[in-house]
Amino acid sequence: MEKSAFFNGFNPTIDQGALEEVREYLTTDQAIEEFQAEMDGNRKIVVKIVLKKFSYQAAEQSFLGLSYFMRRSYFNVYTCEEYEECVRYRFCTGLEDGDGIKMEVIIG
């Protein structure tokens, strides 16, 4: 299955509580200067992060910390696209019954 088809076809089944978990976690990451975390109309969490000092390695560390914190027990899938001054991650995680989270994380 193509990665974009998986992410586009995945329907998250989360509530506002997961968004609050994301926000709480992001306040603990010392590499982050500022962030926004919102839920769109399709229950996808969209996170925009500005690092104090951008590097691809710092972006990866911030994303992996967040994804580890938010992961569910059955599956965890993500993709990464590197651009000149930012990195875009798409992340899906869920339980065996299909309950899950879908996130787009842009780090610059």
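Residues numbered from 1 in each chain as written. Predicted model: local features only at pLDDT ≥ 70, side-chain atom pairs only at ≥ 80, totals over all residues. Heavy atoms only, no water.

Caption draft 1: Summary view of the side chain of D29. Mapped onto the elements, D29 comes out in the loop between α2 (16-26) and β1 (32-39). Buried charge D29 goes without a salt bridge, the closest partner of opposite sign being K52 at 7.8 Å. One polar contact links the side chain of D29 to the main-chain amide nitrogen of A31, over a distance of 2.9 Å. (Helix = DSSP H or I, 4+ residues; strand = E, 2+ residues; numbered from the N terminus. Buried < 20%, exposed > 50% of the residue type's maximum accessible area, 1.4 Å probe, protein only. Lys, Arg positive; Asp, Glu negative; His and termini not counted. Salt bridge = Lys/Arg side-chain N within 4 Å of Asp/Glu carboxyl O. Polar contact = N/O pair within 3.5 Å; in protein donor to acceptor, adjacent residues only side chain to side chain.)

Caption draft 2: Examining the confidence of the model for the protein chain more closely. Per-chain confidence: the protein chain averages 89 in pLDDT, with 95% of residues scoring 70 or above. In the model of the protein chain, helix α1 (residues 3-9) stands out as the element of lowest mean pLDDT, 71, in contrast to strand β2 (residues 45-51), which has the highest, 97. (pLDDT = per-residue confidence, 0-100.)

Caption draft 3: Quick peek at the packing of aromatic side chains. Considering all chains together, one arrives at 7 aromatic pairs under this definition. Seen from their ring centres, F54 and Y56 are 5.4 Å apart, and the 75° between their planes marks the pair as edge-to-face. The rings of F63, Y78, Y89 and F91 are connected pair by pair, giving a single aromatic cluster. Its end group placed over the ring of Y68, R71 keeps NZ or CZ at 3.7 Å from the ring centre. (Phe/Tyr/Trp six-rings, centres within 6.5 Å; stacked < 30°, edge-to-face > 60°. Lys NZ or Arg CZ within 6 Å of the ring centre and 35° of its normal.)

Caption draft 4: The environment of D29, seen in detail. Relative accessible area serves as the criterion here: at 15%, D29 is assigned to the buried category. Sequence separation between D29 and M103 is 74 residues, and the spatial gap between their C-alpha atoms is 18 Å. Among the polar contacts listed, one links the side chain of D29 to the side chain of S62, at a separation of 2.9 Å.

Caption draft 5: Up close: the pairing of strand β3 (residues 75-82). Bridge count for β3 against strand β4 (residues 87-94) is 8 bridges, and the pairing is antiparallel. What sits directly across from N76, in β4, is T93. The loop that links β3 with its antiparallel partner β4 comprises 4 residues. (Pairing = 2+ DSSP bridges.)

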